[in-house]
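Letter by letter, the chains look like this.
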Amino acid sequence: MKNRKLYAAALAATLAVSAFGTTVMAAEGTTNFKYQPGTAGPTEPVNPGDEESSANNWMVTYPRQITLMDSNEMKDDTVATAATIGQKLEFTVKQRVAGADGSSAVTSGNVGTGISVAAGEGTTGSWTTASDIVMKGTTKDTNTVIMQIADAETTKFVNKADTLMTLTHETDKDSDQAFAVIKKDQVKTAVEGETYTVDVKFTFTRGA
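Nothing here was measured: the structure is a model prediction, and the numbers come from that model.

Okay, the environment of R96 next. The topology assignment puts R96 in the loop between β5 (87-94) and α2 (108-111). Taking the C-alpha atoms as reference, R96 lies 8.5 Å from N56; in sequence the two are 40 residues apart. Sequence-distant contacts of R96, defined by excluding residues within four places in its chain, comprise P42, T43, E44, V46, N56, N57, W58 and M59. Engagement of the side chain of R96 in a polar contact is seen with the backbone oxygen of P42, the distance being 3.2 Å. At 2.4 Å, the side chain of R96 and the backbone oxygen of E44 are in polar contact.

Right under this line is the structure:
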């Protein structure tokens, strides 16, 4: 554990279920789009001249808020489908302080064997067994909808504390994606007019 440092950040996912009128001739609906960028990583200072070798000189950018919609519901249990219909969660590691070359690309001196990204339970999180994440209604938390997160290669739905991906200094491996989806058959049981939310805490760990 000598060279392993943990950094945690929370992502809030919101599912909005819209209500449809049946007795009016005219209707209107509002679609709300939200995006909050975030970063997580060491806060210790980086000595001038040490930018390429400092183990403190990295940070991960990640989405702090994701909005899920009915179209993000899985129609089957095939995890590969998540990459097609899911909301993308993109993670990128880069230097906090660019070196003399002006580039923010990390080096092995910055990230060691890589920064692993794991998903866990946030302050309002509610994971059940396996990969189910319970989103609770904001007006009545007995109203629930289940979401899931597919790993970067969409080979499985992740369980709590599973590694989603490992970000390294290698070309094209400093950025990767996961996908958030609503579990199959959840939309039809959702309560009209309700909003469902949950926090997922991501942990970033530097390898030796």
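Picking up where we left off.
This brings us to the packing of aromatic side chains. Ring pairs (aromatic) are described by centroid distance and by the angle formed between their planes. This model, assessed by the stated rule, comprises three aromatic pairs. Relative to F202, the ring of F91 has its centre 5.1 Å away and its plane inclined at 65°; by these criteria the two rings are edge-to-face. Of the two residues, F91 is situated in strand β5 and F202 in strand β11 (residues 195-206); the sequence distance between them amounts to 111 residues. In this pair, the class of F91 matches that of F202, namely buried. What links up through ring pairs into an aromatic cluster is the set Y62, F91, F202 and F204.

Summed over all chains, the structure comprises seven salt bridges. Between E90 and K88 there is a salt bridge, with its nearest N and O atoms 3.8 Å apart. Relative accessible area serves as the criterion here: at 44%, K88 is assigned to the partly exposed category. For the salt bridge of K156 with D162, the shortest nitrogen-to-oxygen distance reads 3.6 Å.

All right, on to the nonpolar core then. In this structure, F91, I149, L164, F202 and F204 are the most contacted members of the largest nonpolar core, which totals 36 residues. With five residues, β11 is the largest single contributor of residues to this core. Counting residues in hydrophobic clusters, the runner-up holds seven residues, among them V79, A150, F179 and V181.

The residue D132 is located in the loop between β6 (115-121) and β7 (133-137) in this model. By relative accessible area, D132 is classed as buried at 16%. For D132, the side chain forms a polar contact with the side chain of Q148, separated by 3.2 Å. In terms of polar contacts, D132 uses its side chain to reach the side chain of K183, at 2.9 Å.

This part covers the side chain of D162. Its place among the elements puts D162 in the loop between β8 (144-150) and β9 (163-167). In this structure the side chain of D162 is engaged in a polar contact, spanning 2.8 Å, whose partner is the backbone nitrogen of N159. Excluding residues that lie within four positions of it along the chain, D162 makes contacts with V117, A118, A119 and K156.

The buried fraction of β7 is high, at four of five residues. Relative to β8, β7 runs antiparallel, the two sharing four bridges. Bridge assignment links M135 to a residue of β8, and that residue is V145. Counted between consecutive antiparallel strands, the loop separating β7 from β8 contains six residues.

How each quantity is defined
Residues numbered from 1 in each chain as written. Predicted model: local features only at pLDDT ≥ 70, side-chain atom pairs only at ≥ 80, totals over all residues. Heavy atoms only, no water. Helix = DSSP H or I, 4+ residues; strand = E, 2+ residues; numbered from the N terminus. Contact = heavy atoms within 4.5 Å. Polar contact = N/O pair within 3.5 Å; in protein donor to acceptor, adjacent residues only side chain to side chain. Phe/Tyr/Trp six-rings, centres within 6.5 Å; stacked < 30°, edge-to-face > 60°. Buried < 20%, exposed > 50% of the residue type's maximum accessible area, 1.4 Å probe, protein only. Salt bridge = Lys/Arg side-chain N within 4 Å of Asp/Glu carboxyl O. Core = buried A, V, L, I, M, F, W, Y, C linked by side-chain atoms within 4.5 Å. Pairing = 2+ DSSP bridges.

Everything listed is a geometric property; what it means functionally is a separate question.
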